[in-house]
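This is what each chain is made of:
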Amino acid sequence: RGPVPEGKILETVGMFEAVKQHGKYETGQLFLHSVFGYRGIVLFPWHARLYDRDITPPIPESKPEPPGAHGSKEVKGKTHTYYQVLIDTRDCPHISQRSQTEAVTFLANHDDSRALYAIPGLDYVSHEDILPYNSAEQIPIQHELFERFLLFNPAKSPPFTARDTLKAWQEKNHPWLELSDVHRETTENIRVTVIPFYMGMREAQNSHVYWWRYCIRLENMASEVVQLRERHWRIFSLSGTLETVRGRGVVGREPVLSKEQPAFQYSSHVSLQAPSGHMWGTFRIERTDGSHFDVRIPPFSLESNKDDKAPPAGYTF
C-alpha cells in the first residue's frame, strides 16, 4: 500500500489463498485486512444480523415515521458473518491513525462503576474484509494471546487449533463479546457502519446505569478527499429523556478520508439510566472546496437483554 519509506524493505509474510465466496473462514485462518492492511488471525466467527439501509426501498410517504427516525425505512436484517480476530502487534503502530486497536472494552469487575479496561489488538472483521493467506511460520502473528489461544498443528488446514483456553474464554465472555446487530447506511458515497455492544449494568447513587460501547467505521466509497469535522448525536432513553450531543470530530480526531486511506474506525461508549434506548445522528463532512454535507448515522437500538449473566472474566486464565 503506497510507497515504501526510504530505508525500509518489504518482507514476504506468506502466500495469498483464494477468497471464500461461500462458507466461513476457520479458527486459525491468517489474513490481511483488505481496508486497514494489518496482519491478523481468526479466533472464531459471529453470525450477525446486518441491517443495510442502502438496499431497502423507502416506505411509502403515507406511512407515518416513528419518533426520531429520519427518512425511516423498513429494514430487514440478513445474516452476515463477522470474525473475532487478533491483530499483529507489529502492525498496530501503522494502523493507529486509521483504526483504534483496542476495539474491545469491558466494564471493570469491581465497585468502580466508571472503570473500563481494554483488550489491545482484538478486532471484529467482516467476511469481505479478509484476504486469506498461509505461512510456514509456527508463530506468524505476534500478540500476547496468540500462544495462549492457538496451538500449531501442521496436520490441519489452517495449521492452528483452538486451545481449551480460547474455548473457555469465548464461553465465559460470550455476552460481552457477542456481535449481534450491524447497521449500515451510505450518504453521498460515505458509508457508515455501526456495531453496538451491551457492556453491563452498574449501580450508582441508588440508580442503575446501563453501559454500551459502539464501534463505528466510516468509508469513503468515492475518490474525492473529504474530512470529518463534527458529530451530532441524538440519544433516546426508555426513561423518556432525549439527549443531544454535538462536538468537533470523533475521539479527538478529524480524520481525512482519501482514495489512499478511505476508512476510519473507532469505538466509544454511552450510558443510560434505563435498560434500553436508541441512538442516531449525523457526521458533518467537509469537501476540499470548503463546502459541507451531513452523513447519516443509521439508527440503532441499545438493548440490555444479557444482564442476568455473570460479569466478564477479562483475559485472566
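Residues numbered from 1 in each chain as written. Predicted model: local features only at pLDDT ≥ 70, side-chain atom pairs only at ≥ 80, totals over all residues. Heavy atoms only, no water.

Turning next to the overall build of the chain. What the chain contains, in helices and strands, is 3 helices and 19 strands. Within the chain, the fraction of its 317 residues that count as buried is 48%. Within the chain, contacts between residues at least 6 apart in sequence are counted, and of these 67% link residues at least 24 apart. Carbon and sulfur atoms make up 50% of the accessible area of the chain, which amounts to about 16300 Å² in all. (Helix = DSSP H or I, 4+ residues; strand = E, 2+ residues; numbered from the N terminus. Buried < 20%, exposed > 50% of the residue type's maximum accessible area, 1.4 Å probe, protein only. Contact = heavy atoms within 4.5 Å. Areas by Shrake-Rupley, 256 points an atom, 1.4 Å probe, with all protein chains shown as cover.)

Attention shifts here to the pattern of salt bridges. Counting across every chain of the model gives 17 salt bridges. The residue arginine 217 makes a salt bridge to glutamate 219 at a minimum N-O spacing of 3.7 Å. Each member of the pair, arginine 217 as well as glutamate 219, is classed as buried. Its salt-bridge partner being arginine 284, residue aspartate 294 comes within 2.5 Å of it at the nearest N-O pair. With aspartate 294 in strand 19 (residues 292-302) and arginine 284 in strand 18 (residues 277-287), this pair connects stretches of sequence that are 10 residues apart. Taking relative accessible area as the criterion, aspartate 294 reaches 35% and is therefore assigned partly exposed. Assessed through its relative accessible area of 31%, arginine 284 is described here as partly exposed. Ionic contacts of the salt-bridge type, sharing partners, join the residues Arg229, Glu230, Arg248, Glu254 and Glu286 into one network. (Salt bridge = Lys/Arg side-chain N within 4 Å of Asp/Glu carboxyl O.)

The subject of this paragraph is the confidence of the model for the chain. Across the chain, the average pLDDT comes to 86, with 83% of residues at 70 or higher. Ignoring residues within four places in sequence, the model shows residues 67-71, a span with pLDDT below 50, making 10 contacts including any to other chains. Scored below 50 in pLDDT, residues 308-317 makes 28 contacts in the model with residues more than four places away or belonging to other chains. (pLDDT = per-residue confidence, 0-100.)

Below, the discussion takes up the packing of aromatic side chains. Two descriptors summarise a pair of aromatic rings, namely the distance from one centre to the other and the angle between the planes of the rings. Counted by the stated rule, this structure contains 13 aromatic pairs. An angle of 80 degrees between the planes, with centres 5.6 Å apart, marks the rings of phenylalanine 146 and phenylalanine 160 as edge-to-face. Residue phenylalanine 146 is located in helix 2 (residues 146-149), and its partner phenylalanine 160 is located in strand 10 (residues 160-162); the two are separated by 14 residues in the primary sequence. In this structure, phenylalanine 146 and phenylalanine 160 share a single accessibility class: buried. Ring centres of tyrosine 214 and phenylalanine 300 lie 6.1 Å apart, and the angle between their planes is 45 degrees; on these two criteria the pair is classed as tilted. You can see tyrosine 214 sitting in strand 13 (residues 207-220) and its partner phenylalanine 300 sitting in strand 19, a full 86 residues away along the chain. (Phe/Tyr/Trp six-rings, centres within 6.5 Å; stacked < 30°, edge-to-face > 60°.)

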